[in-house]
Amino acid sequence: MRPGGNRGWLLRLVIAFSFAQGAVSMARPAVSYRALALGADERAIGVIAGVYALLPLFAAVPLGRRTDHGRCAPLLPVGVVLIAGGCALSGTANSLAAMAAWSGVMGLGHLSFVIGAQSIVARQSAPQDQDRNFGHFTIGASLGQLVGPIAAGALIGGSDMAGTSALALLVAGAVAAVSFVSLWRIEHRDRPKSRTGRGDRVPVHRILRTRGVPAGIFISLAVLSATDILTAYLPVVGEHRGIAPSVIGLLLSLRAAATIACRLVMTPMLRLLGRAALLTTTCLLGALLCAGIALPVPVWGLAVILALLGFCLGVGQPLSMTTVVQAAPDEARSTALALRLTGNRLGQVAAPAAAGLVAGVAGVAAPFVMLGALLLIASGLGLRQGRTGAAEPESTERRGRTPSAPEPERR
């Protein structure tokens, strides 16, 4: 099927991603609460959150290489199995070390699913439709992030924090398994794939030197780190400020709802501002709002901050996907997406660990100031991209009218 044709596959992919991401978004705060019930402190929470990204950090590029020279769809059921198993086994673990290990399995499953899914979107979307299709694809993630924390907050609470958080993790495993119902006819089988020798593969260093790829990777890293630390550390902030788990779940879901709203109106925002200006503005506002979480604001003020922050964070992920895909050589798009995910996972390892150290020294609100600094750097990179013209929509449209993109090939 020609790219840009029937998009029923995209709807099925969004549904599957909603359940898979919902399971992960439900499990992440549940893991934090269960770890707290088992005696973890802020540093231990940071380590467990970092292990979630450790296995994927080493697996991303090999999976991307495999996907560039084969089918993408087999990674989806593998990812669902690992997510479901990691969630369920985290719920039965009785030590912090076991929880960290199964959290890593969950992260590996999420990575497998996302690499396969993003590669399908890149492969089956016409170039001029990639911003829109990646935006719609990430709505699946936002739907999961909307429902997951609410479900976790509804199940966790009372005097038996260890028991209720374990129940939430078991339910999360069951939610992940529901993804199987829409994993059919997602990838078009009639597209020929070259299985050229390994010597023909584009070197990683060449991909990383392509203009637009490093900035796209860092912006994605900063935005995902903000989302990840919000999920892992807002429960800790709630514990210190006396906010109930159910309210924390609603606040996290409010952020996800604002992200969905952002992605629904992304196309007109792109027409109005252009990609570079939109990335720069939202990262800058996100930096200020992250720092605002560190202030002792009331719950309603925290809700306003998180809603605005969710809207700003909704831009970075889909636009960084398009930036990386359109900058990378055609035969290495999945590898480029995998490098982007490697950067994400590197951030998910380093940022929670750094957040744990900062929280242990300066208090639980300090990691959000650190996130603000990270997003400020991302804003500067977005501005720099705008000055070089690497991320302007006009350039995207010109690339969309040609079958290949020779300019990055020469770099």
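Residues numbered from 1 in each chain as written. Predicted model: local features only at pLDDT ≥ 70, side-chain atom pairs only at ≥ 80, totals over all residues. Heavy atoms only, no water.

- Naming follows an unreviewed UniProt entry, where the chain appears as MFS transporter of Streptomyces phaeochromogenes.
- In its Subcellular location (unreviewed entry) section, the UniProt record describing the chain reads: "Cell membrane". (UniProt positions renumbered as here; feature names shortened; annotations may be inferred.)

1. A word on the overall build of the chain
Next up, step 1: When its secondary structure is counted, the chain shows 16 helices and 0 strands.
Next up, step 2: Evaluated residue by residue, the chain yields a buried proportion of 58% over its 411 residues.
Next up, step 3: In the chain, of all internal contacts separated by at least 6 residues, the share reaching a separation of at least 24 is 86%.
Next up, step 4: When the accessible area of the chain is evaluated, it comes to approximately 15500 Å², of which 67% is carbon and sulfur surface. (Helix = DSSP H or I, 4+ residues; strand = E, 2+ residues; numbered from the N terminus. Buried < 20%, exposed > 50% of the residue type's maximum accessible area, 1.4 Å probe, protein only. Contact = heavy atoms within 4.5 Å. Areas by Shrake-Rupley, 256 points an atom, 1.4 Å probe, with all protein chains shown as cover.)

2. Remarks on the side chain of Thr322
Next up, step 1: Along the polypeptide, Thr322 turns up in helix α12 (residues 299-327).
Next up, step 2: Once residues lying within four places of it in the same chain are set aside, the contact partners of Thr322 are Gln130, Asp131, Phe134 and Arg275.

3. Considerations on helix α6 (residues 161-177)
Next up, step 1: With 17 residues, α6 should reach 24 Å at 1.5 Å per residue; the first-to-last C-alpha distance of 25 Å fits that figure.
Next up, step 2: Contacts made by the buried residues of α6 are with α1 (8-37), α3 (75-92), α5 (130-155) and α9 (245-264). (Expected span 1.5 Å × (residues − 1).)

4. A word on the packing of aromatic side chains
Next up, step 1: Taken as a whole and judged by the stated rule, the model has 2 aromatic pairs.
Next up, step 2: Ring geometry for Phe17 versus Phe113: centroids 5.7 Å apart, planes at 20°, classification stacked. A residue pair is termed long-range when its members are at least 10 positions apart, and Phe17 in helix α1 and Phe113 in helix α4 (residues 96-124) qualify at 96 residues.
Next up, step 3: Residue class for Phe113 comes out buried when judged on its relative accessible area of 0%.
Next up, step 4: Aromatic pair Phe17 and Phe137: ring centres 4.7 Å apart, planes at 10°, arrangement stacked. Taken together, the positions of Phe17 in helix α1 and Phe137 in helix α5 put the pair 120 residues apart, joining distant regions of the chain.
Next up, step 5: Chaining the aromatic ring pairs together yields one cluster made of Phe17, Phe113 and Phe137.
Next up, step 6: A cation over a ring is seen here: Arg12 above Trp184, with NZ or CZ 4.3 Å from the ring centre. (Phe/Tyr/Trp six-rings, centres within 6.5 Å; stacked < 30°, edge-to-face > 60°. Lys NZ or Arg CZ within 6 Å of the ring centre and 35° of its normal.)

5. What about empty space enclosed by the protein?
Next up, step 1: This model, assessed by the stated rule, comprises 5 cavities of 30 Å³ or more.
Next up, step 2: The space that makes up the largest cavity amounts to roughly 400 Å³.
Next up, step 3: Around the largest cavity, the lining comprises 31 residues; the ones closest to its centre are Gln21, His110, Ala141, Gln145 and Leu224.
Next up, step 4: Of the residues belonging to the lining of the largest cavity, the class tally is 11 nonpolar, 14 polar and 6 charged.
Next up, step 5: Empty space within the second largest cavity amounts to approximately 90 Å³.
Next up, step 6: Lining the second largest cavity are Arg28, Val31, Ser32, Ala35, Ile45, Ile48, Ala49, Ser103, Met106 and Ala232.
Next up, step 7: Elements supplying a minimum of two residues to the lining of the second largest cavity: α1, α2 (42-68) and α4.
Next up, step 8: With 4 residues, the single largest contributor to the lining of the second largest cavity is α1. (1 Å grid on protein atoms, 1.4 Å probe; cavity = no way out; pocket = protein on both sides within 12 Å on 5 of 7 lines; lining within 4 Å. Points joined across faces, edges and corners; volume = space filled by probe spheres on them. Nonpolar A, V, L, I, M, F, W, Y, C, P; charged D, E, K, R; others polar.)

6. Details of the side chain of Ser32
Next up, step 1: Structurally, Ser32 is set in helix α1.
Next up, step 2: Given the relative accessible area of 5%, Ser32 is considered buried.
Next up, step 3: Contacts of Ser32, omitting those with residues within four sequence positions, involve Ile45 and Ala232.

7. A closer look at the confidence of the model for the chain
Next up, step 1: Mean pLDDT for the chain: 79, with 85% of residues reaching 70 or above.
Next up, step 2: Within the chain, no element has a lower average pLDDT than helix α16 (residues 406-409), which sits at 39, and none a higher one than α3, at 91.
Next up, step 3: In the predicted structure, residues 191-199 sits below a pLDDT of 50 and forms 10 contacts with residues beyond four places in sequence or in another chain.
Next up, step 4: Every residue in residues 390-411 scores below 50 in pLDDT, and together they form 34 contacts with partners more than four places removed in sequence or on other chains. (pLDDT = per-residue confidence, 0-100.)

8. Digging into the environment of Trp300
Next up, step 1: Counting through the fold element by element, Trp300 comes out in helix α12.
Next up, step 2: Take Trp300: its relative accessible area is 64%, and that puts it in the exposed class.
Next up, step 3: C-alpha of Trp300 to C-alpha of Leu251: the two residues are 49 residues apart in sequence and 9.6 Å apart in space.

9. Section: the state of the cysteines
Next up, step 1: Across all of its chains, the model carries 0 disulfides by this definition.
Next up, step 2: The thiol of Cys290 is not disulfide-bonded; the next cysteine sulfur, from Cys312, is found 9.4 Å away. (Disulfide = S-S within 2.5 Å.)

10. Re the packing of α5 against α12
Next up, step 1: Where α5 meets α12, the closest approach of the two axes is 8 Å, and the angle between their N-to-C directions is 135°. On the basis of the axis angle, α5 is oblique to α12. Pair α5 / α12 crosses with right-handed handedness. In this structure, α5 contributes Gln130, Asp131, Phe134, Gly135, Phe137 and Thr138 to the contact, and α12 contributes Pro318, Leu319, Met321, Thr322, Val325 and Gln326. (Axes fitted to C-alpha atoms, helices over the stretch in contact; angles between N-to-C directions. Parallel < 35°, antiparallel > 145°, perpendicular 65-115°, else oblique. Left-handed = near helix turned anticlockwise from the far one by under 90°.)

11. A look at helix α10 (residues 266-273)
Next up, step 1: Where α10 is concerned, the buried positions are Met266, Met269 and Leu270. In an axial view of α10, the angular spread of the buried residues amounts to 100°, which keeps them on one side of the axis. Those residues of α10 that are exposed and aimed more than 90 degrees away from the buried face are Arg271 and Leu272.
Next up, step 2: Directly beyond the C-terminal end of α10, a positive phi value near 90° is found at Gly274. (Arc of directions from axis to C-beta.)

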